[in-house]
Amino acid sequence: MAEKVVIAGAGLGGLSAALRLAYAGYKVEMLEQHERPGGRLNILQKDGFTFDIGPSFFSMSYEFRELFDSIGEPMPFELNELNPLYTVNIEGREKVYRIFKDLERLALEFSAIEPDFERKAEKYLKRAGEVFHDTEYRIVKKNFNGMLPFLLSMATVPKKHLPKMFRSFWAELGRHFESEDVKIIFSLVAFFLGATPFNTPSVYNLLNYTELKHDGYWNVKGGMYKIAEGIAAMLEKKGVKIHCNTRVVSVQEDAGKMLSVTDQNGKVWNADLFVINADAASFRGKFLNRRGFTEKKLDNMDWTLAPFTIYLGVKGKIDGIAHHNYFLGNNFRQYAKTIFRSTVAPDKPYYYVNVASKSNPECAPEGCENLFILCPVPDRRVKHDWNDADKLADDIIQNLGKRVGYDIKANTISRTIYTPLEWEKMFSLYRGSGLGLAHGMNQIGAFRPANKDEKLNNVYYVGASTHPGTGLPIVVIGSKLITEKITHEHPVV
Ligand SMILES: Cc1cc2nc3c(=O)[nH]c(=O)nc-3n(C[C@H](O)[C@H](O)[C@H](O)COP(=O)(O)OP(=O)(O)OC[C@H]3O[C@@H](n4cnc5c(N)ncnc54)[C@H](O)[C@@H]3O)c2cc1C
């Protein structure tokens, strides 16, 4: 008889784990508090517009191929490589930089500000690539059963990378490039880690390698939610039920095992094994009363920024904007210094804009654009209140309209705002942190909440705040790692 697995949470981590486990012969059932599966990878349909509410592109697309290859099924959605990867608009600069993966073309974009760019970039990215490949299988795609195996694995990473641990991301960029704009653009990825380029070690410039050299960035034809829809349809065919609007409110355990979880209606869900896709750190505190994860301890951990997101349906076509765009101010150092700590909304917001209707006309009525604006803000430990949400949205929309030469405000026919508060409520994101626990050296590998519970032998974790970490391809890797553990420790009989 197959072992029964209950998965709490149907985000991408939970969905991909369900897929692997169901195909390995386990009887899987999923509980999801939201009305739809997908977690942060979700959609909003309103006033004739369809918006992807969270992720809009990803690196390491081959992790999705691996997922479907591993179960012998075709990929249920179509990938689309971004070219250019994105554009960057820095306040006060006339030029909008188009960031190409082709370094020869990118060199032309930077020709006025960074002479000999291509040679410098090749050298910089070669080193970053070495870090990527020297850690991929030793650290990222590896299960650790405790601190010692992790430290032993770390010790196998070639020593030549050691200086990069002690040099900041920004300092490493300074060794290769002179232009402030080039350094700013290359260091944007550091913010995804929950850090600034000034205080994160330069080993993380491997992220520049992933975007500019290795696999680039990808999205999905017809919208990102096709990923969740595609996996959910495959699960249904395989007999896996996803119970939406079902929130786990308590867990029952005995003698080192989880026996069941109970939902908000008092229904008890029994299983042999449990996979927790809710945040691996806050779940341990809230439901398992673990001393290492009390609110006080959680608040002392490092978390990624929170999302302030705006979804706009706009009448007319906006020519002055591409599909993926960053809009930055002209005070980068000041911004980096204050963004994690400021208790007020930023007065010079830095934001990302995705205009999905540029490449996917079905997501907006004819002659209209749909705009997704993401402005990273401090999480709710720092800025608790969001009564000023409309003002921040107005400021961003006005700033954007000015910079792209289109009266967005006057042409808005649909507007929705999610503050960190809504994000926290919708998906139980701790203090509204958008990507979960940060990725400083003190919160990776065995220093991150483990993917197997410390005390309960039948409980595993998958998703952003457990090993190996956050981001769509990374949680897919996480699902592979726990499947390896589960099939080894609790084989189907
Ligand atoms: C605005 C935004 C933009 C992003 N952009 C990108 C991007 O462009 N590229 C990229 O790679 N990544 C991006 N990310 C990060 C990416 O979305 C996450 O890393 C990834 O989706 C995490 O998946 P997950 O399965 O760990 O978590 P989640 O998607 O959060 O899934 C966890 C699920 O568990 C459910 N749950 C929680 N508690 C309970 C409970 N008690 N009972 C039942 N269900 C519960 C939640 O409702 C949720 O559905 C973005 C994130 C945000 C917020």
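These numbers were taken from a predicted model, which means no experiment stands behind them.

Asks: Can you break down the site of the ligand residue by residue, with the values?
Replies: The immediate surroundings of the ligand are formed by 34 residues, with Glu32, Arg40, Phe57, Ala464 and Thr470 found nearest. Residue assignment for the shell around the ligand shows that the elements contributing at least two residues are helix 1 (12-23), helix 16 (420-427) and helix 17 (472-489). The leading source of residues in the shell around the ligand is helix 16, at 3 residues. Its residues placed into classes, the shell around the ligand shows 16 nonpolar, 15 polar and 3 charged.

Asks: Report on the pattern of salt bridges, specifying residues and quantitative values.
Replies: Taken as a whole and assessed by the stated rule, the structure comprises 38 salt bridges. Taking the shortest distance from any N to any O, the salt bridge between Glu91 and Arg403 comes out at 3.5 Å. Of this pair, Glu91 sits in the loop between strand 6 (86-90) and strand 7 (96-99) while Arg403 sits in helix 15 (residues 389-404), and the two are 312 residues apart along the sequence. Between Glu424 and Arg380 there is a salt bridge, and its shortest N-O distance comes to 2.7 Å. Residue Glu424 is found in helix 16, and its partner Arg380 is found in the loop between strand 17 (368-377) and helix 15; the two are separated by 44 residues along the sequence. Of the residues examined, Glu424 reaches a relative accessible area of 22% and is grouped as partly exposed. Beyond isolated ion pairs, a larger network of salt bridges with shared partners links Lys164, Arg167, Glu172 and Arg175.

Parameters at a glance
Residues numbered from 1 in each chain as written. Predicted model: local features only at pLDDT ≥ 70, side-chain atom pairs only at ≥ 80, totals over all residues. Heavy atoms only, no water. Near = heavy atom within 4 Å. Helix = DSSP H or I, 4+ residues; strand = E, 2+ residues; numbered from the N terminus. Nonpolar A, V, L, I, M, F, W, Y, C, P; charged D, E, K, R; others polar. Salt bridge = Lys/Arg side-chain N within 4 Å of Asp/Glu carboxyl O. Buried < 20%, exposed > 50% of the residue type's maximum accessible area, 1.4 Å probe, protein only.

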